[in-house]
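The residues making up each chain are set out below.
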Amino acid sequence: MNNYSIGIDLGGTKILAGIIDTENGTVIETAKKRTKKLEADFIVQRIIETVEKAICKAQVPMSQISSIGIGAAGQVDRVNGILISAPNLNCFDVELKKILEEHFNIPTFVGNDVEVATLGEMKFGSGVGYNNFVCIFVGTGIGSGIICDGKHLKGATGTAGEIGHIIVDSGGRLCGCGGHGCLEAYASRSAIEKKILGSIKKGHKSIITETLKESGVIRSKDLADALDSGDEIVLNAITEASEYLSSGLASVINFYNPELIILGGGLMEAIDFFYDLTVKKTYAKALAVPALKTKIMKTQLKDFSGIVGAAMLHQG
Ligand SMILES: [Zn+2]
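Residues numbered from 1 in each chain as written. Predicted model: local features only at pLDDT ≥ 70, side-chain atom pairs only at ≥ 80, totals over all residues.

This next bit is on the environment of F42. Its place among the elements puts F42 in helix α1 (residues 40–58). C-alpha of F42 to C-alpha of N112: the two residues are 70 residues apart in sequence and 20 Å apart in space. (Helix = DSSP H or I, 4+ residues; strand = E, 2+ residues; numbered from the N terminus.)

Here the focus is the sheet that holds strand β10 (residues 142–148). Within the open sheet, the five strands sit side by side as β11-β10-β9-β12-β13. Their pairing is mixed. Taken across any chain shown, the strands that pair with only one partner, and hence form the sheet edges, are β11 (151–152) and β13 (295–298). (Pairing = 2+ DSSP bridges.)

Before going further, it helps to examine the domain arrangement of the chain. Split by domain assignment, the chain resolves into domain 1 (4–121 + 304–315) and domain 2 (128–299). Contact with domain 1, which involves eight residues of that partner, is made by 12 residues of domain 2. With six residues, the top contributor of residues to the side of domain 1 that touches domain 2 is helix α3 (residues 113–124). Counted by class, the side of domain 1 that touches domain 2 contains three nonpolar, three polar and two charged residues. (Domains from an automatic or database assignment. Contact = placed C-beta atoms within 7 Å. Nonpolar A, V, L, I, M, F, W, Y, C, P; charged D, E, K, R; others polar.)

Here the focus is unusual backbone geometry. Backbone geometry at N90 places phi at a positive 60°, although glycine is not the residue there. Residue placement: N90 occurs in the loop between β6 (82–86) and β7 (91–94). Although it is not a glycine, N105 adopts a positive phi angle of roughly 60°. Residue classification places N105 among the exposed positions, given that 9 C-beta atoms sit within 10 Å. (Buried ≥ 20, exposed ≤ 12 C-beta atoms within 10 Å, placed from the backbone.)

At 3.6 residues per turn, the α-helix brings residues three or four places apart onto the same side. Compared with the 20 Å implied by 1.5 Å per residue over 14 residues, the 20 Å span of helix α10 (residues 272–285) between its first and last C-alpha is a close match. All of the buried residues in α10 are F274, T278 and T282. Angularly, the buried residues of α10 cover 55° about the axis, an arc narrow enough to put them on a single face. Turned more than 90 degrees away from the buried face of α10, the exposed residues are D272, D276 and A284. (Expected span 1.5 Å × (residues − 1). Arc of directions from axis to C-beta.)

Their axes nearest at 8 Å, the elements helix α7 (residues 220–228) and helix α8 (residues 232–256) cross at an angle of 115°. Considering only the axes of α7 and α8, their crossing is left-handed. Contacts between α7 and α8 involve L223, A226 and L227 from the former and V234, L235 and I238 from the latter. Residue composition of the contact of α7 with α8, by class: six nonpolar, no polar and no charged. (Axes fitted to C-alpha atoms, helices over the stretch in contact; angles between N-to-C directions. Left-handed = near helix turned anticlockwise from the far one by under 90°.)

Closest axis-to-axis distance for the α8/α10 pair is 8 Å, and the angle between their directions is 40°. Considering the angle they form, α8 stands oblique to α10. The crossing of α8 and α10 is right-handed. Residues I238, T239, S242, E243, L245, S246, S247, L249 and A250 of α8 form the contact with α10, whose participating residues are F273, F274, L277, T278, K281, T282 and K285. Residue composition of the contact of α8 with α10, by class: seven nonpolar, six polar and three charged. (Parallel < 35°, antiparallel > 145°, perpendicular 65-115°, else oblique.)

Laid out in structure tokens, this is it:
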């Protein structure tokens, strides 16, 4: 009775590991640890600790765990299970498959974080029943996974779905990729934060100034609260981001003609205004015929899309 699988979401700031029932996608138990500013060796050690903690909490016998899947925020070699490059984690050429298989003695599969989150939504989330859809995650960056005829589309070099780097303003803002005018430089969480901080620096008043004094960071919930209080600086930044994001989504509808677009990530979850405005603008901008047939909805598994999808990587 090998009904369970371990799913790991290795992100830029945290590791989330979960014990998943592979029959129905139920998350039995999870464990979480931070990854910030750690060296590669420590990150591997911390992955092992997080998994062990999740197994311990779930009280599932190892004999019933049939596979481990890991979705990492970076470029991966799926065949050999290597994390090739994850600049945010300071990890390069880490043999995740080999290391985890040696430690746990369970077959291990490695994928990209956005890919596994899309897989999770396809198997047990908002994508159930759809064969052609796009999952778009708005976070520190903007990533997407494409499902084409029921399969994850990888592209010629395995980089299909880099929606964060479609150009929405030719010659515009500098992006982390080195290019100019990419969607990510306008509509990601980092772009919104930059815009707000820029306005504050120019002397505009915002509630966020107080938030920063208290906690030093701006969380999605802080932005939602600021909007509720009628903060104009935050309203302008979110509205601008929505303008660019909807242009990106309308382009996806026109180009790919999907049945469904699934939107995820902290900003989408926390800020209804951002989600609602983006959806409205997207339908207004896309070509009428494909727009009529494209549904837009939020992720169903929310924070668990990644671990559920990673746990299903063994299915290929
Ligand atoms: Zn870019």
